[in-house]
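# Residue-level structural notes
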Amino acid sequence: MPAGEDWIARQFTDIKRQIRELAAANPFGPMGISPQKGGMVVEGYQTVNGPMTITGSLDLPAGSVQNDALANPVQIDTASNGIDGELIDTTATVRATLTLTVPAGMTQSQPA
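This one's a predicted model, so the numbers in the text were calculated from it and none came from an experiment.

### A closer look at the overall build of the protein
Counting its secondary structure elements, the protein contains 1 helix and 2 strands. Its helices and strands taken in sequence order, the protein reads α-β-β from the N to the C terminus. For a compact globule of 112 residues, the expected C-alpha radius of gyration is about 13 Å, and the protein comes in at 33 Å, more than 25% above that figure. Summarising its shape, the C-alpha atoms of the protein cover approximately 110 × 35 × 20 Å along the three principal directions. Each of the 112 residues in the protein was classed as buried or not, and the buried ones make up 1%.

### Focus on the pairing of strand E1 (residues 33–36)
Bridge analysis of E1 against strand E2 (residues 39–42) gives 4 bridges, and the strand direction is antiparallel. By the bridge assignment, Ile33 is partnered in E2 with Val42.

### Side note on the layout of surface pockets
Estimates place the volume of the second largest pocket at around 310 Å³. Lining the second largest pocket are Met40, Val41, Val42, Gly44, Tyr45, Gln46, Val48 and Met52. Looking at the lining of the second largest pocket residue by residue, the classes come out as 6 nonpolar, 2 polar and no charged.

### Let's talk about a nonpolar patch on the surface
Taken together, the side chains of Val48, Met52, Ile54, Leu58, Leu60, Val65 and Leu70 present a nonpolar region at the surface, about 640 Å² in accessible area. Within the element layout of this structure, Ile54 appears in the segment after E2. Ile54 gets classed as partly exposed once you look at its relative accessible area, which sits at 43%.

### Describing the confidence of the model for the protein
As a general rule, the predicted coordinates of low-pLDDT regions are not to be interpreted in detail. Counting all residues, the mean pLDDT for the protein is 82, and 96% of those residues have values of 70 or more. Here E1 stands out as the element of the protein with the lowest mean pLDDT, 85, in contrast to helix H1 (residues 7–24), whose mean of 88 is the highest.

The rules behind these values
- Residues numbered from 1 in each chain as written.
- Predicted model: local features only at pLDDT ≥ 70, side-chain atom pairs only at ≥ 80, totals over all residues.
- Heavy atoms only, no water.
- Helix = DSSP H or I, 4+ residues; strand = E, 2+ residues; numbered from the N terminus.
- Rg over C-alpha atoms; globule rule 2.2 N^0.38 Å.
- Buried < 20%, exposed > 50% of the residue type's maximum accessible area, 1.4 Å probe, protein only.
- Pairing = 2+ DSSP bridges.
- 1 Å grid on protein atoms, 1.4 Å probe; cavity = no way out; pocket = protein on both sides within 12 Å on 5 of 7 lines; lining within 4 Å.
- Points joined across faces, edges and corners; volume = space filled by probe spheres on them.
- Nonpolar A, V, L, I, M, F, W, Y, C, P; charged D, E, K, R; others polar.
- Patch = residues over 30% accessible without salt bridge, like charges linked within 9 Å, V, L, I, M, F, W, Y side chains within 5 Å.
- Areas by Shrake-Rupley, 256 points an atom, 1.4 Å probe, with all protein chains shown as cover.
- Salt bridge = Lys/Arg side-chain N within 4 Å of Asp/Glu carboxyl O.
- pLDDT = per-residue confidence, 0-100.

Pasting the structure below:
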């Protein structure tokens, strides 16, 4: 028999303390998962095997998605035009025109 008359009260106190500690513990902490208000933080490399739906915004650091992984990748191209024997004076005159067309499958064109 445990020593002291208050051993049952001490047992209850110990059990309540253990329950509080377990409730406050993060069982997923060793896996790099931390709960936060309104969501959670998952650290490290993640693999999703199956469908995944993101209903909120997805913030990615700049440069983290490579161009070939995009549905509409950026296509780099150059264009040039030259005029020989043309004198440049102070009169505003159109010397050359250039029309940039947004390539098929792209959403914008940006002159280099």
